Amino acid sequence: MNFVAPDFMPVLPELFVLTMACLILVIDVFLDQRRRHITYGLAQLTLLGAALLTLFGYAQASVVTLFGHYVKDAMGDLLKLFVYLAAAAVFLYSRDYLRQRDLFKGEYFVLGLFGVLGMMIMVSAHSLLTVYLGLELLSLSLYALVATDRDSPVASEAAMKYFVLGSLASGMLLYGISMIYGATGSVDLQVVSIAVARQGANNLVLVFGLVFLVVGLSFKLGAVPFHMWLPDVYQGAPTSVTLYIGSAPKLAAFALVMRILVDGLGALQDDWQGMLIILAAASMALGNLIAIVQTNIKRMLAYSTISHVGFLLLGILAGTAEGYAAAMFYTIVYVLMAVGAFGMIILLSRTGFEAENIDDFKGLNDRNPWLAFLMMTIMMSMAGVPFLAGFYAKWVVLQAVVNIGLIWLAILGVVFSVIGAFYYLRVVKCMYFDKPEQSEPIQLSLDTEIAISANGLLLVALGLYPTALMGWCATALSLKGLA
Amino acid sequence: MLSELPPLLSLVIWFPILGGAAVLFVGDDNPGRAKALALTVAILTFLISIPLFTLFDPTTAKMQFQEFVPWIPALSVNYHLGVDGFSMPLILLTAFMNVLVVIAGWEVVQYRVAQYMAAFLIMEGLMIGVFAALDAILFYVFFEAMLIPMFLVIGIWGGPRRVYATLKFFLYTFLGSVFMLIALIYLYTQADSFEILDFHMLPLTLSEQVWIFFAFLLGFSVKVPMWPVHTWLPDAHVEAPTGGSVILAAITLKIGGYGFLRFALPITPDASATLDWLIITLSLIAVVYIGLVALIQQDMKKLIAYSSIAHMGFVTLGFFIAFSISRHTGNLNGAAMGIEGGMVQMVSHGFISGALFLCVGVLYDRVHSRQIKDYGGVANTMPVFAAFMVLFAMANAGLPGTSGFVGEFLVILSSFKASFWIAFLASFTLILGAAYTLWLVKRVIFGEIGNHHVAELEDVGCREIIMLSLLAAAVLLLGLWPDPLTSTMHATVDNLLQHMTVTKL
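Overview of the structure. The shown structure was predicted, so the numbers you read here are calculated from the model rather than taken from an experiment. (Residues numbered from 1 in each chain as written. Chains lettered and ligands numbered in written order. Predicted model: local features only at pLDDT ≥ 70, side-chain atom pairs only at ≥ 80, totals over all residues. Heavy atoms only, no water.)

## Things to note about the overall build of chain A
Which entries qualify depends on this criterion: Each helix is a run of DSSP H or I of at least 4 residues and each strand a run of E of at least 2, with the numbering of both proceeding from the N terminus. With C-alpha atoms as the basis for the radius of gyration, the globule rule is written as 2.2 Å multiplied by the number of residues raised to the power 0.38. In this description, contact between two residues means that some pair of their heavy atoms is separated by no more than 4.5 Å. The Shrake-Rupley method, run with a 1.4 Å probe, gives the accessible areas here. Residue values count only the displayed protein chains as cover. This count recognises Lys and Arg as positive and Asp and Glu as negative, with His and chain-terminal groups excluded. Lys charges are placed at NZ, Arg charges at CZ, Asp charges at CG and Glu charges at CD.
Looking only at helices and strands, one finds 20 helices and 2 strands in chain A. Scaling as 2.2 N^0.38, a compact globule of 483 residues should have a C-alpha radius of gyration of about 23 Å, and chain A matches this with 21 Å. Across its three principal directions, the C-alpha atoms of chain A cover 65 × 55 × 40 Å. Of all intrachain contacts in chain A linking residues separated by at least 6 positions in sequence, the fraction that spans at least 24 positions is 80%. Looking at chain A as shown, the accessible area adds up to about 16400 Å², and 68% of this sits on carbon and sulfur atoms. In chain A, the 25 positive side-chain charges and the 29 negative ones have mean positions that sit 2 Å from each other.

Now the structure itself:
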């Protein structure tokens, strides 16, 4: 048998991250707690290196390699860059938090890097098998991360829930994949898409497989009614891990949906569009309504995530190049906001104190006006108030659904975004209108302060000039041949 | 020649916003310096805005001082600014009132002075942006962004029920405007452009127009505010600090009226013609019913808030009377008068309501009560102040010679052409307006000295005299010689009437 070595150049960033993660795992064993920061530094260097490799090899056209299982394209590269950025911010914000809680261990960073690797694989998958492998690599890292705080009963409970429900979802996904394989005879997305286009919706097995895939994807995205795990996990996990789960994996989940539904099953758009409409409407409604009554800010942000997933689905279900670009823009902006919001919770926490409740933000303007301003920026951006990035994200997805004639869905979306504005405003209210309940000064190391400032100001900058990022998203997708 | 001008509109928008950021940077530890900087920025902004008036060409309805830069080319959104006879006076009004607000907050605001001043300066820039924007998305962005500073102003420096009031304010306005966003997106899908002027030319079916009209109505009627979506206004006014009330009454409400002129009337003329009875009815309810409500108020700020709603009813009446006139008489004589009357009423109400809120602020700073019953005989201890307050009250009641008279008179004259009964009901304002304002003045200013608080009152100081006399001058000037204002908008009004009367079907 003739074995032709595949082209490994397109997967260079993945190989680099894999090698570094393994190396760090070994190096970390030989470090004592005083020099643990070396692990942290190496993890950040890994992300930087991967970012440079991705940036210099930024795809101009799609390259399929590894026997059709892997694709390197502009959409993947752009998403990967933001994955690195989000992960780097997560590591940075978490550092002091972990240190104060004796959780500053090598595992956090190694598992974090493996998670990043999983996301990279999901983002670049070109076959249903690779999609699944990447997803499991990410998920298993996340289950372990949630459980890192071994002494905390809530965290263990959250990890258990996440593991059981996550496995269930993976099972669904796998079952769906097997049906698709049965109907098309291949896992290669390109072959699948051609076969699907030929058979269309007449093949019952295919439609059944699609349903299972959509269920599995909805679990991973956290769309209603498959959202049950999300609030518990967000609340129970240590905030450093919530920060991780709530940010970068959303980019990967978006890629997952794009790869499977659009690249693979694009011909079944009429079928999945209806399902996504229900998921999107239910997510926007339930997420926003239930977030109102939360007092725990992590839980509130979990429900807010659900509602944002609903908005993101609006872009995808439009099924147009414009809609996909809108959804991609939405995802990236959402991740920037989520990193900032959870990051702010982490920064306000200190030894023996978790800033978990909305009340803990009371009087932040008196304690630290700059942080209060940044948090307000993030909250207003999530609410979709203009001159902040969140507005443009909402606008473009709404435009995508209005364009295909689903005006009622757009109206539903804006009504729930007004309802949603209430709970974001409540956080602003606590920070600005209430008197502080705590007087301990907020201590930030210089690099975290710079990072969180950059994070907040980035939302303002994107609000004043969203053109560049929108353009990148549009070009990345047009290179895929969708436009 | 015009092309050699500096970008005036961008300057008046961004100078106060950057100035506000600079004031924030000076910080609350340096209140003196922050205030001085804020005043400088406010005055300079006003000075920059003056050439907009002096260089304005009143003979044309074309947009002037235009600036055009592609902003989000992928979605054909442009940074497109320009003013006509409607927006230019309102920009000047905004810049003028902001100077007064900075002066009004000078000694009164003690808590977080820099943030207070910065919020107002940033808001000023955003409001001017609303008036100057010629791109629908740019308009919407300014329109919404304005909510954040006002939300903070009411919430941080407001009264005891400030949180309720400010949340209500924010959510009401937000809810109203998001439907407008959908309408704008829909218009984009039809016109392939976000230019407001392109929307004016866009043919639309009647049912499309009706939907879009209702979306605009929701957005702008909340701002105006029209009955029955007015309930946020009394709450917001009562709880807001003096400066917040002044800006709310003088500028924010005008944005609603301006929205009708810029969007609803020219973009959906047929729907406006079909549904003009709705607006006229709501306006008359505002004039008569809200006038009666104002009569029974115990709280001075609430009374002025309700009087604002009643006066704004006149504005919307004036804007929408044209269709009725053309149906009734077959021509448009007098329709221009209604629209001009509405515009004059907007500007004049900006001065008068702002002035009245400042007057209440002057009293509140001394006695810390807004209840009418806590006063009485203020004229005995504060004669200078009493003179000002009586002047503004007379203007509010529409006394000839003050600016309040001009607008109301024009609108009533115009409504006579349409229908006697509309004019009859509208004229109720002359009675009701006089009743509630004069009764307020009687109970607060005249009579015996009510209690020891009033007996210990000190008359207005130099700072307060400056700010009140500036407004008094404006009120009298506009009342005696309205021509500079009306002549700038003749061409624009004629142009609007053309858009309104040419069917788009």
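## Quick notes on the layout of surface pockets
To be explicit about the condition: In this analysis a 1.4 Å probe is tested at points of a 1 Å grid over the protein atoms alone, and where it fits but cannot get out there is a cavity; an open set with protein on both sides within 12 Å along at least five of seven lines is a pocket; lining residues have an atom within 4 Å of a point. Grid points are joined across faces, edges and corners, and a volume is the space filled by probe spheres set on the points. Residues are grouped as follows: nonpolar covers Ala, Val, Leu, Ile, Met, Phe, Trp, Tyr, Cys and Pro; charged covers Asp, Glu, Lys and Arg; every other residue, Gly included, is treated as polar.
When its volume is computed, the largest pocket comes out at roughly 1000 Å³. In terms of lining, the largest pocket is formed by 34 residues, of which the most central are F373(A), M376(A), A21(B), L24(B) and I122(B). At the level of elements, α16 (369-383) and α19 (446-464) of chain A together with α1 (8-26), α4 (113-132) and α6 (147-157) of chain B are the ones that each hand at least two residues to the lining of the largest pocket. Residue composition of the lining of the largest pocket, by class: 29 nonpolar, 4 polar and 1 charged. If you add up the space inside the second largest pocket, you get close to 550 Å³. Taken together, 18 residues line the second largest pocket, and the ones lying closest to its centre are F53(B), L92(B), F351(B), L477(B) and L478(B). Looking at the lining of the second largest pocket, the elements with two or more residues in it are α2 (31-54), α3 (87-104), α15 (335-367), α21 (462-480) and α22 (483-501) of chain B.

## Points about the packing of aromatic side chains
Worth spelling out the cut-off: By convention, a stacked pair of Phe, Tyr or Trp rings (six-membered ring in the case of Trp) has centres within 6.5 Å and planes under 30 degrees apart, an edge-to-face pair has planes over 60 apart, and any other such pair is tilted. Using a 1.4 Å probe on the protein chains alone, a residue whose accessible area is under 20% of its type maximum counts as buried, one over 50% counts as exposed, and one in between counts as partly exposed. Criterion for a charge above a ring: Arg CZ or Lys NZ at most 6 Å from the ring centre, at most 35 degrees from the ring normal.
Evaluated as defined, the whole model comprises 53 aromatic pairs over all chains. Plain terms: the ring middles of W370(A) and F373(A) are 5.6 Å apart, the flat faces sit at 20 degrees to each other, and that makes the pair stacked. A residue pair is termed a helical-turn pair when its members lie 3 or 4 positions apart in one helix, as W370(A) and F373(A) do in helix α16 at 3 residues. Residue F373(A) is classed as partly exposed on the basis of its relative accessible area, which comes to 27%. Plain terms: the ring middles of F216(B) and F263(B) are 5.4 Å apart, the flat faces sit at 50 degrees to each other, and that makes the pair tilted. Of this pair, F216(B) sits in helix α9 (residues 206-223) while F263(B) sits in helix α11 (residues 242-267), and the two are 47 residues apart along the sequence. Overall, the relative accessible area of 0% leaves F216(B) in the buried class. Note on F263(B): relative accessible area 0%, which makes it buried. An aromatic cluster is defined as three or more aromatic residues linked by ring pairs; in this entry it consists of F139(B), F143(B), F213(B), F214(B), F216(B), F220(B), F260(B), F263(B), F320(B) and F323(B). A cation over an aromatic ring shows up here: K394(A) above the ring of F311(A), its NZ or CZ 4.8 Å from the ring centre. For R112(B), the ring lying beneath its charged end belongs to Y111(B), and the centroid distance is 5.8 Å.

## Observations concerning the interface of chain B and chain A
Applicable threshold: Values labelled buried area give the accessible surface lost by two parts on being combined, using a 1.4 Å probe and summing over both. We define a salt bridge as a side-chain nitrogen of Lys or Arg found within 4 Å of a carboxyl oxygen belonging to Asp or Glu. Distance and chemistry together define a polar contact, namely a pair of N or O atoms within 3.5 Å, with one atom able to donate a hydrogen and the other to accept it when in protein, and with adjacent residues in sequence counting only for side-chain atoms on both sides.
Between chain B and chain A, the residue contacts involve 38 residues of the former and 41 residues of the latter. Together chain B and chain A conceal approximately 3400 Å² of surface at their shared face, both sides included; 82% is due to carbon and sulfur atoms. Per-residue buried area on chain B facing chain A is highest for W71(B), F174(B) and I182(B); these three make up 16% of the total on that side. The tally of links between chain B and chain A comes to 1 salt bridge. Here R112(B) and D366(A) are joined by a salt bridge, their closest N and O atoms 3.3 Å apart. Counting the contacts that link chain B with chain A gives 7 residue pairs in polar contact (both at pLDDT 80 or more). Of all the elements in the fold, those that place two or more residues in the side of chain B that touches chain A are β1 (64-72), α4, α5 (136-145), α6 and α7 (162-191) of chain B.

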